[in-house]
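This is what each chain is made of:
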Amino acid sequence: MKFTDEQQQVIDSRGENLLVSAAAGSGKTAVLVERIIRKVTSREHPLDIDRLLIVTFTNAAAAQMRERIAAAIERELLQDSSSVHLKRQQTLINSAKITTIHSFCLFVIRNYFHRIDLEPDFRIGEEGELKLLRQDVLRALLEEAYQKAEPEFLQLLETVATGKSDGKLKETILQLYEFAMSDPWPKQWLSDCVRPYACSLQEFCQLPVYQAFLSYLKAVTGQWERMAALCVSISCEPDGPNSYEELLRTEWEQIKRLQTADTYEQYDAAIRGLTFGRLPAIRKFAGDADKKQQVQELRKEIKDTRKKLIEQFFFLPPEEMIAGLAKNQTVIAALVRVTLDFAEAFASKKKERNMLDFHDLEHLALKILVDEETKEPTQVAAELREQFAEVMIDEYQDSNYVQEAILKAVARPDNRFMVGDVKQSIYRFRMARPEL
């Protein structure tokens, strides 16, 4: 296979973390296999295949990767049949860590179960069995809460449940539980959920959620500015809608001033203050009709997005927004508490059955690899760092925060190789975090 310059860079790069953006059909698997083969067959620094940790998204992908690497080693042996090193790789390929993230977690747990007080004869629960167990645990938990009838729980019920059914409350608890379990430290994550509801405007502005919100607004308004500039540019073209230019330029100047905003209050005033006039009617337009339509559509998109932002984030003055959050603090605290109770009860039931689910695999592996108090890698992680010369992650856009923490723990500062494509991220419902 003849590789492009960019592909060759990926194959040859050494001694650094590497993040590769590769679209569907761009030959990323071929490049990944070639990079592995070059490492294994290097004359200067030949590497054993079992010193690579290669993480793929599915078992089928892992099996296919193993087959392709085995075939590549066999081809190399045809050219150098006397190579002891290559013959050794043929043997090692069967035990090489070419695996899914959950299989790797299982490997860590089975080898170091004694470090987390886990019985070695545990089993992985069937999906149907786990679903029924979740429902039973949640039903029992809510029945107990109904009997206690604490005011905070009743307020939560009145807020979330609809009609005579508590189905929406159950759905919300399970959804919040899934979000929490996709974080390395779920209890801390759940506790942090209450913080925005119990602070002043000044304190709210110090929270990570506020900084993320400002980054989002900056990205959106920056896109508006580029779209407004394009509208002006098109209207100035000889066959463009020239009659629109004056109004479009006025609107563009307004939008440009948004770029100086850096607080919630400034964005609130600036976005609310945007005004859009009526585009002049152009009778018997002799220019390019497509350009006229493009300007109208771009401008409409800006207006529609602005309306949506106001409905989502600026429907009340900042002080009233904070007051509204404070009113919901009791409800959110009750929701977090019942979710924590569910997580604890569910974990207890699984422990009774000596059963694990996929969340357990991730979190127990993380417990073995990272100290929860210091957030530093453990001795086990240090041992695995020495074992793996490189950590290679395919379909990186489908990783979540727990998986990221696990793989980061077993990688050194300069030996991670990640391949992904944000445009192929379709697993947000499984808590994948393409922003990684």
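Above this text you will find the structure in question.
In this report, the structure presented in the accompanying data block is examined.

Thresholds, definitions, all that
Residues numbered from 1 in each chain as written. Predicted model: local features only at pLDDT ≥ 70, side-chain atom pairs only at ≥ 80, totals over all residues. Heavy atoms only, no water. Helix = DSSP H or I, 4+ residues; strand = E, 2+ residues; numbered from the N terminus. Buried < 20%, exposed > 50% of the residue type's maximum accessible area, 1.4 Å probe, protein only. Pairing = 2+ DSSP bridges. Right-handed = clockwise from strand over helix to strand, strands pointing away. Contact = heavy atoms within 4.5 Å. Salt bridge = Lys/Arg side-chain N within 4 Å of Asp/Glu carboxyl O. Patch = residues over 30% accessible without salt bridge, like charges linked within 9 Å, V, L, I, M, F, W, Y side chains within 5 Å. Areas by Shrake-Rupley, 256 points an atom, 1.4 Å probe, with all protein chains shown as cover. Lys, Arg positive; Asp, Glu negative; His and termini not counted. Charge placed at Lys NZ, Arg CZ, Asp CG, Glu CD. Axes fitted to C-alpha atoms, helices over the stretch in contact; angles between N-to-C directions. 1 Å grid on protein atoms, 1.4 Å probe; cavity = no way out; pocket = protein on both sides within 12 Å on 5 of 7 lines; lining within 4 Å. Points joined across faces, edges and corners; volume = space filled by probe spheres on them. Nonpolar A, V, L, I, M, F, W, Y, C, P; charged D, E, K, R; others polar. Core = buried A, V, L, I, M, F, W, Y, C linked by side-chain atoms within 4.5 Å. Disulfide = S-S within 2.5 Å. Parallel < 35°, antiparallel > 145°, perpendicular 65-115°, else oblique. Polar contact = N/O pair within 3.5 Å; in protein donor to acceptor, adjacent residues only side chain to side chain.

Details of unusual backbone geometry
Within the chain, Asp117 stands out as a residue other than glycine whose phi angle is a positive 55°. Note on placement: Asp117 falls in the loop between helix H5 (101-112) and strand E4 (123-124).

Observations regarding the pairing of strand E7 (residues 416-420)
The buried fraction of E7 is high, at five of five residues. Burial of the side chains of E7 extends over both faces: Arg416, Met418 and Gly420 are buried on one face and Phe417 and Val419 on the other. Note that strand E1 (residues 18-21) and E7 share four bridges and pair parallel. Looking at E7, one finds that Ser21 is bridged to Gly420. Across three bridges, strand E6 (residues 390-393) lies against E7 in parallel orientation. Bridge assignment links Ile393 to a residue of E7, and that residue is Met418. Crossover handedness for the path E6 to helix H19 (residues 401-410) to E7: right-handed.

Quick word on the side chain of Asn354
Summarising the element assignment, Asn354 is placed in the loop between helix H16 (329-352) and strand E5 (355-356). With sequence-adjacent residues up to four places away left out, Asn354 is seen in contact with Glu119, Asp121, Phe122 and Arg123.

Things to note about the pattern of salt bridges
Opposite charge on two side chains lets them pair, provided their charged atoms get close. The full count for this structure, using the stated rule, is 23 salt bridges. Between Arg35 and Glu390 there is a salt bridge whose closest N-O contact spans 2.9 Å. Of this pair, Arg35 sits in helix H2 (residues 28-41) while Glu390 sits in strand E6; the two residues are 355 residues apart in sequence, bridging distant segments of the chain. Both residues of the pair, Arg35 and Glu390, count as buried.

Description of a negative patch on the surface
Judged by side-chain charge, Asp371, Glu372, Glu373 and Glu376 come together as a negatively charged surface patch. Assignment of secondary structure puts Asp371 in the loop between helix H17 (358-369) and helix H18 (379-387). Take Asp371: its relative accessible area is 35%, and that puts it in the partly exposed class.

A word on the sheet that holds strand E3 (residues 97-100)
The five strands lie next to each other as E1-E7-E6-E2-E3, forming an open sheet whose pairing is parallel. The open sheet is flanked by E1 and E3, the only strands paired with a single partner. Strand-to-strand, the axes of this sheet are offset by a mean angle of 15°, without reference to chain direction. With respect to the sheet, H2 is in contact with E1, strand E2 (52-56), E6 and E7, its orientation differing from that of E6 by roughly 170°.

As for empty space enclosed by the protein
What the rule picks out here adds up to one cavity of 30 Å³ or more. Volume-wise, the largest cavity comes out at about 50 Å³. Forming the walls of the largest cavity are Ala228, Cys231, Leu248, Glu251, Trp252, Ile255, Phe276, Arg299 and Ile302. Elements supplying a minimum of two residues to the lining of the largest cavity: helix H11 (208-236), helix H12 (245-257) and helix H14 (289-313). Sort the elements by how many residues they give to the lining of the largest cavity and H12 lands first, with four residues. Classifying every residue of the lining of the largest cavity gives seven nonpolar, no polar and two charged.

Some remarks on the nonpolar core
Ranked by size, the top nonpolar core spans 37 residues in total, and within it Trp224, Leu248, Ile255, Leu258, Tyr267, Ile271 and Phe314 carry the most contacts. Elements with a minimum of two residues in this core: helix H10 (201-204), H11, H12, helix H13 (264-273), H14 and helix H15 (318-327). Looking at this core element by element, the count peaks at eleven residues for H11. Counting residues in hydrophobic clusters, the runner-up holds 34 residues, among them Phe104, Tyr112, Leu356 and Met418.

Quick look at the state of the cysteines
The final tally for this structure, using the stated rule, is zero disulfides. Cysteine Cys231 remains unbridged, with the sulfur of Cys236 as its closest cysteine sulfur at 11 Å. Residue classification places Cys231 among the buried positions, given a relative accessible area of 1%.

Describing the environment of Phe346
Tracing the backbone shows Phe346 in helix H16. With a relative accessible area of 0%, Phe346 lands in the buried category. Sequence separation between Phe346 and Leu138 is 208 residues; the distance between their C-alpha atoms is 8.2 Å. The residues touching Phe346, leaving out its near neighbours within four places in the chain, are Leu130, Leu133, Arg134, Val137, Tyr177 and Asp357.

Things to note about the packing of helix H8 (residues 167-181) against H16
Contact pair H8 / H16: the axes reach a minimum separation of 9 Å and the direction vectors enclose 75°. When the interaxial angle is binned, H8 and H16 end up roughly perpendicular. Of the residues in H16, those touching H8 at Thr172, Ile173, Leu174, Leu176 and Tyr177 are Leu335, Val338, Thr339, Phe342, Ala343, Phe346 and Lys350. Of the residues that constitute the contact of H8 with H16, the class distribution is nine nonpolar, two polar and one charged.

Points about the side chain of Arg416
Within the element layout of this structure, Arg416 appears in strand E7. On the basis of relative accessible area, Arg416 is assigned to the buried category, the value being 9%. Polar contacts involving the side chain of Arg416 include one to the side chain of Glu404, which spans 3.3 Å. Excluding residues within four positions of it along the chain, Arg416 makes contact with Glu16, Asn17, Leu18, Val391, Ile393, Tyr396, Glu404, Leu407, Lys408 and Ala411.

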